[in-house]
Amino acid sequence: MTTVESLTLLDHLRELRERILVSALAILMGTIACYAVYDKIVGILMKPFLNLHGSPTTLYVNSLIEGFATKMHFSIVAGVILTLPVHLYGLIRFVLPGLSSSEKRVLGWALFASLVLSVFSVYMGYFYFIPAAVEILTGSDFVPTGVGVLLNFNQALFYVMNFMLYS
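A short tour of the structure in this document, coming up. (Residues numbered from 1 in each chain as written. Predicted model: local features only at pLDDT ≥ 70, side-chain atom pairs only at ≥ 80, totals over all residues. Heavy atoms only, no water.)

Points about the nonpolar core
The nonpolar side chains of soluble globular proteins are, as a tendency, buried together. What counts here: Among buried residues, those of type Ala, Val, Leu, Ile, Met, Phe, Trp, Tyr and Cys that are joined through side-chain atoms within 4.5 Å constitute a nonpolar core. Only protein chains enter the area calculation, which uses a 1.4 Å probe; residues under 20% of their type maximum are buried, those over 50% are exposed, and those in between are partly exposed. Strands here are runs of E lasting at least two residues and helices are runs of H or I lasting at least four, both read from the DSSP assignment and numbered beginning at the N terminus. Whether two residues are in contact is decided by their heavy atoms, any of which lying within 4.5 Å being enough.
If you look at the biggest cluster of nonpolar residues, it comprises 21 residues, and the most contacted ones within it are Leu45, Met46, Phe49, Leu59, Phe74, Phe153 and Leu157. Top element by residues in this core is helix H6 (residues 153-166). It accounts for 7 residues. Those residues in contact with Phe74, other than ones at most four positions away along the chain, are Tyr38, Ile41, Leu45, Leu157, Phe158 and Met161.

Shown next, in the form of structure tokens:
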């Protein structure tokens with residue numbers, strides 16, 4: 001595109017519309033991709049729940065439509081997460097022409113640091129914190145002896161996903 005000074009308000013709005021359309025298309029493609037590999041992703045995310053306290057665990061659905069609704073909801077959310085780099089790239093390319101060189105440098109370092117910290121937090125959450133949290137929350141300290149634990153598939157899936165995202 002041209003320089004910032006030469007763009008009119010309508011030019012900015014057109015560019016914003018193009019970037020929003022690219023992001024929407026990316027979400028659609030990411031959702032379709034996540035839908036296609038849903039079983040593999042869910043298998044990975046459900047590992048902390050499959051062998052609680054040394055015995056096999058079964059996750060349950062509570063309604064006829066819960067399996068379908070969970071698959072659709074998860075595919076959309078995972079598609080958005082998968083395509084976050086596309087959205088971030090579009091946002092940066094939209095804002096970058098208005099920044100000074102020192103602001104661009106700070107933005108670059110901030111993006112690099114946030115990427116490293118995000119990958120580290122997902123790793124720590126999945127391999128250390130989630131298994132420990134599941135063991136503690138389903139253990140005898142919180143669940144009395146003689147009371148069974150009936151885990152809901154949808155809640156367990158989104159617990160792991162949210163835990164990794166928010167950590």
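After presenting the structure, the write-up continues.
Regarding the packing of aromatic side chains
Aromatic rings considered in pairs are described by the distance between their centres and by the relative angle of their planes. Quick reminder of the rule: Here a Phe, Tyr or Trp ring, Trp counted by its six-membered ring, pairs with any other such ring whose centre lies within 6.5 Å, and the pair is stacked when the planes are under 30 degrees apart, edge-to-face when over 60, and tilted otherwise.
One pass over the full model with this rule turns up 8 aromatic pairs. Between Phe49 and Tyr159, the aromatic rings sit 6.4 Å apart at their centres with planes inclined by 75°, giving edge-to-face as the arrangement. Taken together, the residues span a long stretch of sequence, with Phe49 in the loop between helix H2 (38-45) and strand S1 (51-52) and Tyr159 in helix H6 at a distance of 110 residues. We classify Phe49 as buried; its relative accessible area is 5%. Residue Tyr159 is classed as partly exposed on the basis of its relative accessible area, which comes to 28%. Ring plane angle 55° and centroid distance 5.8 Å describe the contact between Tyr159 and Phe163, whose orientation is recorded as tilted. Placement of the pair is Tyr159 and Phe163 together in helix H6, with a separation of 4 residues, close to one helical turn. Relative accessible area serves as the criterion here: at 25%, Phe163 is assigned to the partly exposed category. An aromatic cluster of three or more residues is present, and its members are Tyr123, Tyr126, Phe127 and Tyr128.

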